[in-house]
Structure formats: C-alpha cells, structure tokens
Amino acid sequence: RGRGRGGVLLFPDAPEGLELGVDLASFTLGPRFRGFAVVPPGLHLVSYGAAVGPGKRGMFVSSPKDGLVARRWDAAAEELS
C-alpha cells in the first residue's frame, strides 16, 4: 500500500492521547494509530507532546522513497527514540 508514492513513518508503541505531527499536520493519537503512510521522500519535522499544555519536542526524520522509518516510545523518558 502506498508503494511508489512515499515512505512509512512507524511509531508502533506511541501512547494514546499523545499529539504527534509531521511537518504542518498534527493529530491526537487514538488506540489504533501505528504510523503515517505515503510520506514523501526527504527530511520531515516530527513533533510530539501532550495534547494540552507546554512541552512539545521535535526531531528531524529522513523518509526514504518506498522505505520505512521506525521510532520507539521511551515511556520512562516520555520521548521518541
């Protein structure tokens, strides 16, 4: 799915209720969220934090054409790694 149109950014264990964004789009995660598909190749800003309140963080992620990038949620540090 999405083959030939972009990569996949996978966040398999990001907690429900986390606000997670790629570039200018952000979403509050539900229980079935696993990641973003059909992400154009190149450098993207991934931001995350509590749905309400301060404390947003971010990282740059390079999305390969037709590839997969995965980041894990570190519950103790409350951050993606």
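Higher on the page you've got the structure.
Rules used throughout
Residues numbered from 1 in each chain as written. Predicted model: local features only at pLDDT ≥ 70, side-chain atom pairs only at ≥ 80, totals over all residues. Heavy atoms only, no water. Helix = DSSP H or I, 4+ residues; strand = E, 2+ residues; numbered from the N terminus. Rg over C-alpha atoms; globule rule 2.2 N^0.38 Å. Buried < 20%, exposed > 50% of the residue type's maximum accessible area, 1.4 Å probe, protein only. Contact = heavy atoms within 4.5 Å. Areas by Shrake-Rupley, 256 points an atom, 1.4 Å probe, with all protein chains shown as cover. Lys, Arg positive; Asp, Glu negative; His and termini not counted. Charge placed at Lys NZ, Arg CZ, Asp CG, Glu CD. Salt bridge = Lys/Arg side-chain N within 4 Å of Asp/Glu carboxyl O.

Within the protein, the regular secondary structure consists of 0 helices and 9 strands. Put simply, the protein runs from its N terminus to its C terminus through helices and strands in the order β-β-β-β-β-β-β-β-β. Against the 2.2 N^0.38 benchmark of 12 Å for 81 residues, the protein shows a C-alpha radius of gyration of 12 Å, consistent with a compact globule. Summarising its shape, the C-alpha atoms of the protein cover approximately 35 × 25 × 20 Å along the three principal directions. Burial status across the protein gives 32% buried among its 81 residues. The contacts of the protein with a sequence gap of at least 6 include a subset with a gap of at least 24, amounting to 49%. When the accessible surface of the protein is summed, it comes to about 5100 Å², and 55% of that surface belongs to carbon and sulfur atoms. Charged side chains of the protein number 10 positive and 8 negative; the gap between the two group centres comes to 10 Å.

Applying the stated criterion across every chain, the model contains 3 salt bridges. When the shortest N-O distance is used, the salt bridge between R72 and D13 registers 2.8 Å. In this pair, R72 is assigned in the loop between β7 (68-70) and β8 (73-74) and D13 in the loop between β1 (7-10) and β2 (18-22), connecting sequence segments 59 residues apart. Residue class for D13 comes out partly exposed when judged on its relative accessible area of 27%. In this structure, the salt-bridge partner of R57 is E79, at a minimum N-O distance of 2.7 Å. Taken together, the positions of R57 in strand β6 (residues 57-63) and E79 in strand β9 (residues 79-80) put the pair 22 residues apart, joining distant regions of the chain. Here E79 falls in the partly exposed class, since its relative accessible area comes to 29%.

The next point concerns the environment of M59. Within the secondary structure, M59 is located in strand β6. Separated by 41 residues in sequence, M59 and L18 have C-alpha atoms that sit 15 Å apart. The residues touching M59, leaving out its near neighbours within four places in the chain, are H44, L45, V46, Y48, R71 and L80.

Geometry only, nothing functional implied.
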